[in-house]
Amino acid sequence: MHDKEAAEQSLPAAGGQIVAAGPDQQTIGVAIAVPEPLATSLKEARLSYGDSQAATIPTHVTILPPTVVDDPDMPLVREHLARIAGRTVPFTIELLGTDSFRPVSPVVFVPLVRGGRACAALASQVRSGPLARDLAFSYHPHVTIGHNISEQALDEAERECRGVHAAFVADEVVLYLRDAAHQWEIDAGFPFTGHLLGEVP
């Protein structure tokens, strides 16, 4: 995996890649938020390894990487996400152990051992309509715990977080906006309200 892919897979500009918005634009990201207390635990771990980006990035699984949207298109974006979420069935995400994109990219992450296909399907749907775009590389859902830090710190993150094992139900997708301070803030959450085929009345 290349640096550009790692950058796209982390909500703001991991790897130093800044998606710049103009005066009448927004830089958005779409993700599944990792719930508490796991979110804070992984954020604190990431900060402890010297990854200062964790202070501005919510703990998440990326669905749509940083994307610039014109202000007039934002209502269409929200309608688009609401429509997709309305036909999406809640699913389980299971995180286990650690992995790395090294030596190609200085990233250590917690992989999804369950829910990855559902994330990929959701990401494909989101990247349509008003959010249609191509990715430079294949989509690879994960939760970053270290990026652009020293090799020693990456080694520590990969070794010390191997015991991570958690599962949660993904029941909404979140739209994030990046402010002038490059802080990502929640704009709206879109609940998954689809039904399994056998449960439809």
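Scroll up a little and you will see the structure.
Residues numbered from 1 in each chain as written. Predicted model: local features only at pLDDT ≥ 70, side-chain atom pairs only at ≥ 80, totals over all residues. Heavy atoms only, no water.

1. Let's talk about the layout of surface pockets
Short version of the rule: The distinction between a cavity and a pocket rests on a 1 Å grid over the protein atoms alone: a 1.4 Å probe fits inside a cavity but cannot get out, while a pocket stays open yet meets protein on both sides within 12 Å along at least five of seven lines, and a residue with an atom within 4 Å of a point counts as lining. Grid points are joined across faces, edges and corners, and a volume is the space filled by probe spheres set on the points. What counts as a helix is a DSSP run of H or I of at least four residues, what counts as a strand is a run of E of at least two, and both are numbered from the N terminus. Three classes are used, and their members are as follows: Ala, Val, Leu, Ile, Met, Phe, Trp, Tyr, Cys and Pro are nonpolar, Asp, Glu, Lys and Arg are charged, and the others, Gly among them, are polar.
As a volume, the largest pocket reaches approximately 180 Å³. At three residues, helix α2 (residues 38-48) tops the list of elements feeding residues into the lining of the largest pocket. Residues belonging to the lining of the largest pocket are distributed by class as follows: eight nonpolar, four polar and two charged.

2. With respect to the sheet that holds strand β9 (residues 184-191)
Paired through their backbone hydrogen bonds, the strands of a sheet run either parallel or antiparallel. This is how the line gets drawn: Whether two strands pair depends on DSSP finding at least two bridges between them. The convention used is that axes are lines fitted to C-alpha atoms, helices contributing only their stretch in contact, and that angles between N-to-C directions extend from 0 to 180 degrees.
Spatial ordering of the open sheet is given by β2-β1-β8-β9, a layout of four strands whose pairing is antiparallel. Two strands in the sheet have a free side with no partner beyond their single neighbour: β2 (60-70) and β9. Mean inter-strand twist for the sheet, computed between neighbouring axes without regard to direction, equals 25°. Strand direction decides the pairing type here: strand β1 (residues 25-33) and β2, joined by eight bridges, are antiparallel.

3. Examining helix α4 (residues 116-126)
Short version of the rule: Only protein chains enter the calculation, and the probe is 1.4 Å; a residue is then buried if its accessible area is under 20% of its type maximum, exposed if over 50%, and partly exposed in between. Note that the arc is computed from the directions linking the helix axis to the C-beta atoms. Residue contacts are defined here by distance: any two heavy atoms, one from each residue, within 4.5 Å place the two residues in contact.
When α4 is considered as a whole, its buried residues turn out to be Gly116, Cys119, Leu122, Ala123 and Val126. Viewed end-on, α4 has its buried residues packed into an arc of 125°, placing them on one side of the element. On its buried face, α4 is in contact with β1, β2, α3 (74-86), β3 (91-96), β5 (107-114) and β8 (172-178).

4. Re the packing of aromatic side chains
The relative placement of two aromatic rings is captured by the distance of their centres and the angle of their planes. The cut-off we apply is this: Aromatic rings from Phe, Tyr and Trp, taking only the six-membered ring of Trp, are treated as a pair when their centres fall within 6.5 Å; an angle between ring planes under 30 degrees marks them as stacked, one over 60 as edge-to-face, and anything in between as tilted.
Throughout the structure, instances matching the rule amount to two aromatic pairs. Ring centres 6.0 Å apart and planes at 20° place the aromatic pair Phe91 and Phe192 in the stacked group. Of the two residues, Phe91 is situated in strand β3 and Phe192 in the segment after β9; the sequence distance between them amounts to 101 residues. Residue classification places Phe91 among the buried positions, given a relative accessible area of 12%. Residue classification places Phe192 among the buried residues on the basis of a relative accessible area of 6%. Measuring from ring centre to ring centre gives 4.3 Å for Phe101 and Phe109, while their planes differ by 35°; the resulting arrangement is tilted. Looking at Phe109, the relative accessible area reads 2%, which means it is buried.

5. Some remarks on the side chain of Thr88
Test applied: Two N or O atoms count as a polar contact when they lie within 3.5 Å, although within protein this holds only if one can serve as hydrogen donor and the other as acceptor, and sequence-adjacent residues are included solely when both atoms are side-chain atoms.
Looking at the element boundaries, Thr88 is found in the loop between α3 and β3. Residue classification places Thr88 among the buried positions, given a relative accessible area of 10%. At a separation of 2.8 Å, a polar atom in the side chain of Thr88 contacts the main-chain carbonyl oxygen of Ile84. Setting aside chain neighbours within four positions, we find Thr88 in contact with Leu122, Phe192, Thr193 and Gly194.

6. Comments concerning α2
Turning to α2, its buried residues are Leu38, Ala39, Leu42, Ala45 and Arg46. One side of α2 holds all its buried residues, which, seen down the axis, span an arc of 135°. When the buried face of α2 is taken as reference, the exposed residues oriented beyond 90 degrees from it are Glu44 and Ser48. Those residues of α2 that are buried are in contact with β3, β6 (142-147) and β7 (165-170). Backbone geometry just downstream of α2 places Gly50 in the positive-phi region, at approximately 90°.

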